[in-house]
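Summary of structural features
Read off the chains here:
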Amino acid sequence: EAQAIGRQSGWKSELRLAANARSTQEQAAGLDAGVTLTIPLFDQRQELEAAQARYQVAALSQDLRQRLTADIAALVTQAGAVIDSTDQAAFQRDRLAYAKQAVEEGRETADSLWPVAKAVRDAAQAAAAAEQTYAVQLETLARTWGGGEWTRLRDLLAAHVRRNWPSMPSPAAVSSW
């Protein structure tokens, strides 16, 4: 829109040349020349500035929407990482319980528990780190985009995440991490 207005010139001019071979009483034969000049009744600068302002607002609005959507997508992805790491920690705990039972029954030696116990510890640490990252992302996203209503936005974002990942905890539980 701004480019179309900018391409339009404010002044229009036209040059006409003509030859007249006939003469009349009022006019002799010969060359006629004429210049037409059209002066606009309004200035297009205001229209151009308004179009540029509308374009800038639309571009800024689009940029904000894209950034917010990307931030929410990153939060949902992190929530998936929390679920995965929590599931892995639970699996490792079950594996340790099985290994302990095998040692008690004499099917395994006590030394076989060390690698499994280390895996339990590593999985629990990974789950805690993923939960902490999620909590920070949720809080940062809510405070960045929510303004004075950031707590409400935090609750809404957490509800959105729980809709995708039903086993995710509530924002109150996340704040206590």
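Please refer to the structure higher up on the page.
A brief report on the enclosed structure follows.

1. Side note on the packing of helix 2 (residues 45–104) against helix 4 (residues 150–164)
Two quantities define a packed helix pair, namely the angle between the helix axes and the distance between the axes. With their axes 10 Å apart at the nearest point, helix 2 and helix 4 run at an angle of 50 degrees to one another. Comparing the axis directions of helix 2 and helix 4 gives the class oblique. By crossing handedness, the relation of helix 2 to helix 4 is classed as right-handed. Counting all contacts with helix 2, which are made through Ile72, Leu75, Val76 and Ala79, the residues of helix 4 involved are Leu157, His160, Val161 and Asn164. Of the residues in the contact of helix 2 with helix 4, the class split is six nonpolar, two polar and no charged.

2. Concerning the side chain of glutamine 78
With respect to the secondary-structure elements, glutamine 78 resides in helix 2. The class for glutamine 78 is buried, based on a relative accessible area of 16%. When sequence neighbours within four positions are dropped, the list of residues in contact with glutamine 78 reads Ala130, Thr133, Tyr134 and Gln137.

3. Some words on the nonpolar core
Of all hydrophobic cores here, the largest spans 13 residues; its most connected members are Leu75, Tyr134, Leu138, Val161 and Met168. Residue assignment for this core shows that the elements contributing at least two residues are helix 2, helix 3 (113–146) and helix 4. The leading source of residues in this core is helix 2, at five residues. The next biggest cluster of nonpolar side chains, apart from the first, holds five residues, and it includes Ala99, Leu113, Val116 and Val120.

4. What about helix 3?
When the terminal C-alpha atoms of helix 3 are compared, their 48 Å separation across 34 residues agrees well with the 50 Å that a helix rising 1.5 Å per residue should span. Listed as buried for helix 3 are Leu113, Val116, Val120, Ala123, Ala127, Ala130, Tyr134, Ala135, Leu138, Leu141, Ala142 and Gly146. Following helix 3 by one or two positions, glycine 147 adopts a phi angle in the positive range, close to 60 degrees.

5. Description of the pattern of salt bridges
Summed over the entire model, instances satisfying the criterion amount to six salt bridges. Taking the shortest distance from any N to any O, the salt bridge between lysine 118 and aspartate 122 comes out at 2.9 Å. Highlighted residues: lysine 118 and aspartate 122, both in helix 3, separated by four residues, approximately one helical turn. A relative accessible area of 44% means that lysine 118 is categorised as partly exposed. Ionic pairing is found between aspartate 122 and arginine 121, a salt bridge with its closest N-O pair at 3.2 Å. Looking at aspartate 122, the relative accessible area reads 30%, which means it is partly exposed. Counted as one network, the salt bridges with shared partners bring together Lys118, Arg121 and Asp122.

Thresholds, definitions, all that
- Just so you know, the residues in each chain are numbered from 1, in the order the chain's sequence is written.
- Side-chain atom pairs in this predicted model are given and counted only at pLDDT of 80 or more, local residue features only at pLDDT of at least 70, and totals for whole chains, interfaces and linings cover all residues.
- The side-chain figures draw on all heavy atoms in the structure; neither hydrogens nor water molecules are used.
- Lines fitted to C-alpha atoms define the axes, with helix axes restricted to the stretch in contact, and inter-axis angles between N-to-C directions lie between 0 and 180 degrees.
- Secondary structure elements are taken from DSSP: a helix is a run of H or I of four residues or more, a strand is a run of E of two residues or more, and numbering for both begins at the N terminus.
- Small angles under 35 degrees read as roughly parallel and large ones over 145 as roughly antiparallel, with 65 to 115 read as roughly perpendicular and the rest as oblique.
- Crossing handedness: left-handed means the near helix sits turned counterclockwise from the far one by under a right angle, and right-handed means the same turn made clockwise.
- Any two residues whose heavy atoms approach within 4.5 Å are treated as being in contact.
- As a working rule, the residues Ala, Val, Leu, Ile, Met, Phe, Trp, Tyr, Cys and Pro are called nonpolar, Asp, Glu, Lys and Arg charged, and the rest polar, with Gly in that last group.
- For every residue, the accessible area obtained with a 1.4 Å probe (protein chains only) is divided by the maximum for its type, and the residue is called buried under 20%, exposed over 50%, and partly exposed between those limits.
- Joining through side-chain atoms within 4.5 Å is the link that ties buried Ala, Val, Leu, Ile, Met, Phe, Trp, Tyr and Cys residues into a set, and such a set is a nonpolar core.
- To estimate how far a helix should extend, the number of its residues minus one is multiplied by 1.5 Å.
- Salt bridge criterion: a side-chain nitrogen from Lys or Arg within 4 Å of a carboxyl oxygen from Asp or Glu.

Taken by themselves, the reported measurements are silent on function.
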